[in-house]
Amino acid sequence: MRAVVYDTYGPPDVLRLEDVERPVPKEDEVLVKIHATTVNRLDVHTREANRGGGLAVMALSRLVSGVRRPRQPILGSEFSGVVEEVGAAVTEYAVGDSVFGDTGLGFGCHAEFTCMSESDWMARKPAGMSFEEAAAVCDGALNVLWILRKGDVKKGQKVLVYGSSGSCGTATVQLTKYFGADVTAVCKTKNVELARSLGADRVIDYTQEDFTKNGETYDVIVDAVGKHSFKRCKDSLKPGGKYLATDGFRNLVLAMWTSRFGDKKVVFPIPPRYTKEDVGFLKELIEAGKYRAVIDRCYPLEDVIEAAKYVETQQKTGNVVLIVSGGAGNP
Ligand SMILES: NC(=O)c1ccc[n+]([C@@H]2O[C@H](COP(=O)([O-])OP(=O)(O)OC[C@H]3O[C@@H](n4cnc5c(N)ncnc54)[C@H](OP(=O)(O)O)[C@@H]3O)[C@@H](O)[C@H]2O)c1
């Protein structure tokens, strides 16, 4: 099968298209023919061995992915596609089912086929959703769902979402709204309308206004893009307020510290523990018209280097999709 592989950590140019062995499903697995996948921040960080994160994060990244070279030569954690084969012990899926999901740190989705077990993060593709959109659902939304639940975000709370236009940001606005919060989104001018269309009650353009200086306070501030800090947000939190982080080693330390000391808390629950029920929950939200995946650009698999370079600008709006095979439209 065709796959994008890499055998050394580095910039996007380490990626190349190659023919590799097609995976064979075990008894409890299905073989999925991938129609679409994404290039996300997890792919970028892993391919670079997190070189921007400091020594400790770099070392941890290599421990997880392979010390000298990547153990898994195929990146890509999100997918949508069609079940091509089923193992003898599989009961939930049949050949021909359209599915979507996430392989997490197992990666392997920048390829024509991948194997998933029934208990993995996968569900049937939402009715009426294209393969491109379905491939872009899981990474941001699963992460945010996990964080919002751990932060106990609920109805009636005043929540500010900083960085509301990325993969996590677009998911955060929609999911906080779904949980019944009053949502203020913060983004650049060009994304203001998008944030409104996703359900934000108010939008602050950070090129015009600094939310930390306008006197407003919130029950929860979600830093959905890893560009703010607890220190700078603290005065904008109400007493007992929470700062929910999506990234940053320092937030791990702050989460431990504030769990014992001080009134305002940092919540950074890693490692995340997603379940396949979470994917099913997202499918239901999508089918109820309460969630959508925001897509910025689609590239053919062959243009993976260009796609990766674009994701590295950290300026994508929502998600960047790779079309693997006949990805367009519905089955
Ligand atoms: N723990 C996990 O499992 C997990 C999973 C997924 C992601 N993450 C982490 O979550 C973070 C966000 O990832 P992502 O994929 O959502 O990011 P992303 O899609 O690359 O974010 C791009 C968006 O960030 C905004 N942005 C860039 N610089 C900004 C700044 N200085 N202030 C405010 N907004 C800024 C841009 O919007 P504007 O043009 O509006 O500024 C752009 O639309 C990353 O740190 C990632 O590593 C963690």
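Caption draft 1: Molecular detail of the overall build of the protein. Scanning the protein from terminus to terminus reveals 10 helices and 15 strands. Since a compact globule built from 331 residues should have a radius of gyration of about 20 Å, the 20 Å found for the protein is in line with a globular shape. Overall, the protein is about 60 × 45 × 35 Å in size when its C-alpha atoms are taken along their principal axes. A burial count over the protein gives 49% of its 331 residues as buried.

Caption draft 2: Main features of the packing of helix α4 (residues 138–150) against helix α5 (residues 167–178). Following both chains from N to C, one finds α4 and α5 inclined at 50°, their axes separated by 8 Å at the closest point. What the angle tells us is that α4 and α5 run oblique. Classified by chirality, the crossing of α5 by α4 is right-handed. Contacts between α4 and α5 pair Asp-139, Gly-140, Ala-141, Asn-143, Val-144, Leu-145 and Leu-148 from the former with Ser-167, Cys-168, Thr-170, Ala-171, Thr-172, Leu-175 and Thr-176 from the latter.

Caption draft 3: A look at the domain arrangement of the protein. Taken as a whole, the protein is organised into domain 1 (2–137 + 293–323) and domain 2 (139–267). Counting residues at the interface gives 17 residues for domain 1 and 10 residues for domain 2. Grouping the constituent residues of the side of domain 1 that touches domain 2 by class yields 6 nonpolar, 8 polar and 3 charged.

Caption draft 4: Structural context of unusual backbone geometry. The omega torsion of the bond from Ile-270 to Pro-271 falls at 0°, within 30 degrees of zero and hence cis. Checked against the element boundaries, Pro-271 lands in the loop between β13 (265–267) and α9 (276–287). One non-glycine residue, Asp-152, lies in positive phi territory at about 55°. Here Asp-152 shows up in the loop between α4 and β8 (158–162). What makes Asp-152 exposed here is the crowd of 12 C-beta atoms within 10 Å. Look at Gln-314: it is not a glycine, yet its phi comes out positive at around 60°. Note on Gln-314: 13 C-beta atoms within 10 Å, which makes it partly exposed.

Caption draft 5: Quick peek at the site of the ligand. Around the ligand, the surrounding shell holds 27 residues, and the nearest of these are Gly-166, Cys-168, Cys-187, Gly-226 and Asp-247. Secondary-structure elements contributing two or more residues to the shell around the ligand are α1 (41–47), α4 and α5. Classifying every residue of the shell around the ligand gives 6 nonpolar, 15 polar and 6 charged. Summarising the domain contributions, the shell around the ligand has at least three residues from each of domain 1 (2–137 + 293–323) and domain 2 (139–267).

Reading the values: the criteria
Residues numbered from 1 in each chain as written. Predicted model: local features only at pLDDT ≥ 70, side-chain atom pairs only at ≥ 80, totals over all residues. Helix = DSSP H or I, 4+ residues; strand = E, 2+ residues; numbered from the N terminus. Rg over C-alpha atoms; globule rule 2.2 N^0.38 Å. Buried ≥ 20, exposed ≤ 12 C-beta atoms within 10 Å, placed from the backbone. Axes fitted to C-alpha atoms, helices over the stretch in contact; angles between N-to-C directions. Parallel < 35°, antiparallel > 145°, perpendicular 65-115°, else oblique. Left-handed = near helix turned anticlockwise from the far one by under 90°. Contact = placed C-beta atoms within 7 Å. Domains from an automatic or database assignment. Nonpolar A, V, L, I, M, F, W, Y, C, P; charged D, E, K, R; others polar. Near = placed C-beta within 6 Å.

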